[in-house]
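Now for the letters of each chain:
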Amino acid sequence: MSAATTRTGAPRLMASGVGIALFSSAVFGLSGSFAKSLLETGWTPGAAVAVRLTGASLVLLIPAIIALRGRWHQLKDNWLTIMLFGVIGVAGCQLFYFNAVSRLSVGVALLLEYLAPTLIVLWLWMATRRRPRALTSVGTLLSLGGLILVLDLTGSVKVDFVGVLWGLAAAVCLVIYFFITAKQNDTLPPIVLASGGLMVGSVLVWVAGGTGLLSMTFASADTHLGPWTTPWWVSLAGLILLATVLSYVTGIMAARSLGSKVASFVSLTEVLFAVVWAWLLLAELPGTIQLLGGALIVCGVVLVRIDELRADRLGSAEPGKAAAPELDHANDVEPVPSELI
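Numbering of residues starts from 1 in each chain and follows the order in which that chain's sequence is written. Confidence filtering applies because this is a predicted model: local features only for residues at pLDDT of at least 70, side-chain atom pairs given and counted only at 80 or more, and all residues used for totals across whole chains, interfaces and linings. Heavy atoms throughout the structure, all of them, feed into the side-chain values; hydrogens and water do not.

Draft legend 1. Structural view of a nonpolar patch on the surface. A surface patch of nonpolar side chains, amounting to about 880 Å² of accessible area, comprises Leu 58, Leu 61, Ile 62, Ile 65, Ile 66, Trp 72, Leu 75, Met 199, Val 203 and Val 207. Only α3 (45-68) and α10 (190-210) provide two or more residues apiece to the nonpolar patch. Numbering of helices and strands runs from the N terminus, with a helix taken as a DSSP run of H or I at least four residues long and a strand as a DSSP run of E at least two residues long. Examined against the element boundaries, Ile 66 turns out to sit in helix α3. Candidates for patches are residues over 30% relative accessible area with no salt bridge; among them, like charges are joined within 9 Å and nonpolar side chains (Val, Leu, Ile, Met, Phe, Trp, Tyr) within 5 Å. Note that accessible areas follow from Shrake-Rupley with a 1.4 Å probe, and for residues the cover is restricted to the protein chains shown. Any carboxyl oxygen of Asp or Glu within 4 Å of a side-chain nitrogen of Lys or Arg constitutes a salt bridge here.

Okay, structure coming up:
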């Protein structure tokens, strides 16, 4: 491989990772609009989550089996990763979030869950004993400030201590989700991890429903998306295929390319995408303050990304150190804590 190819290959990989991460956030952001259209007809959150995860795991089952053909040992080698992803990153994250929503406003609950990027920065600070660099610190503050503006929490907000604890639990689950999906040197195909995790998560949610921990109510009334009145299964299909299948698979791909910290910051744009989709599909028009918040989120993501790239260049250029080997993905400088995998 020529030096020119090496110099241009890494930026293309990094750009691709950011693009995939933004696409994942965009389709993840659809979940709120699709789910709300179902909830307004009588579906309960538990029922929507259960069918969402079950349908997505079944859609991915055949491609996952094909991806594993001749490599079934990967399931045995990575069973713990799949279990953790399904129990914590899929079921736990959604269940804790819905428990938070039952006691808090949706905005406050979502803000608490998306404290995950800040928690990742703090965790890496404690694990490596290296203080976050200035740009990462500024990016963290900008992103959190942007989230506050996008969620528009200036109105009357119901705050409940137990609800706050549920929201923080969802944030911790999201942190572990990013660490698991960014696991380095993992040969398990993203589609297999997504399918297995969704299947584990769906079983857990059905068990929670069967034991009475979650209310399970379904409905068959028509749903409303933008100017269209559609059968209930249209919203459900969108929730399963776009907001779950595509979002989880591309989210895992992005995390492996970018690393847990950067992928988690890019995922903050999901809130902005959710606002835009709600505007288009539910006629919930975002205000100027929310657009300003979206701009702050993007600025925060850019600063963290620039900090990562600058650290890579400085690390490989230090005197007395061998040049860093060509990276399989963009974030080898950020090791995933092995105790979480």
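Draft legend 2. Spatial organisation of the packing of aromatic side chains. Here the aromatic set is Phe, Tyr and Trp, taking the six-membered ring for Trp, and pairing holds for ring centres within 6.5 Å; pairs whose planes are under 30 degrees apart are stacked, those over 60 apart are edge-to-face, and all others are tilted. The tally for this structure, following the rule as stated, stands at 4 aromatic pairs. For the ring pair Trp 43 and Phe 218, a centre distance of 5.3 Å and an interplane angle of 80° mean the geometry is edge-to-face. With Trp 43 in the loop between α2 (30-39) and α3 and Phe 218 in the loop between α10 and β1 (223-225), this pair connects stretches of sequence that are 175 residues apart. Only protein chains enter the area calculation, which uses a 1.4 Å probe; residues under 20% of their type maximum are buried, those over 50% are exposed, and those in between are partly exposed. With relative accessibility at 6%, the residue Trp 43 sits in the buried group. Ring centres 6.4 Å apart and planes at 25° place the aromatic pair Trp 206 and Phe 218 in the stacked group.

Draft legend 3. Here's a closer look at the packing of α3 against helix α11 (residues 232-258). Every axis corresponds to a line fitted to the C-alpha atoms, with the helix fit spanning only the stretch in contact, and the corresponding angles, defined between N-to-C directions, vary from 0 to 180 degrees. For the pair α3 and α11, interaxial distance at closest approach is 9 Å and the crossing angle is 60°. Here α3 lies oblique to α11, going by the angle between them. With respect to the hand of their crossing, α3 and α11 are arranged in right-handed fashion. Counting all contacts with α3, which are made through Ala 48, Val 51, Arg 52, Gly 55, Ala 56, Val 59 and Leu 60, the residues of α11 involved are Leu 236, Leu 239, Ile 240, Leu 241, Ala 243, Thr 244, Val 245 and Val 249. Amino acids outside the nonpolar list (Ala, Val, Leu, Ile, Met, Phe, Trp, Tyr, Cys, Pro) and the charged list (Asp, Glu, Lys, Arg) are all regarded as polar, and Gly is one of them. Classifying every residue of the contact of α3 with α11 by side-chain character gives 12 nonpolar, 2 polar and 1 charged. Each angle gets one of four labels, with under 35 degrees taken as roughly parallel, over 145 as roughly antiparallel, 65 to 115 as roughly perpendicular, and the rest as oblique. In this scheme the crossing of two helices becomes right-handed for a clockwise turn of the near helix relative to the far one and left-handed for an anticlockwise turn of less than a right angle. Two residues form a contact once any of their heavy atoms are found within 4.5 Å.

Draft legend 4. Spotlight on the state of the cysteines. Disulfides are defined as pairs of cysteine sulfur atoms found within 2.5 Å of each other. A full pass over the atoms with the stated rule returns 0 disulfides. Cysteine Cys 93 is unpaired, with the sulfur of Cys 173 as its nearest cysteine sulfur at 5.7 Å. For Cys 93, a relative accessible area of 7% corresponds to the buried category. On the accessibility criterion, Cys 173 (6% relative accessible area) is buried.

Draft legend 5. The side chain of Ser 202, seen in detail. For Ser 202, the location among the structural elements is in helix α10. What makes Ser 202 buried here is its relative accessible area of 5%. Among the polar contacts made by the side chain of Ser 202, one reaches the main-chain carbonyl oxygen of Met 199 at a distance of 2.7 Å. Ser 202 has contacts with Leu 53, Thr 54 and Ser 57, leaving out every residue within four places of it along the chain. The definition of a polar contact used here is a pair of N or O atoms within 3.5 Å, where within protein one atom must be able to donate a hydrogen and the other to accept one, and adjacent residues in sequence count solely through side-chain atom pairs.

Worth remembering: the numbers are spatial, not functional.
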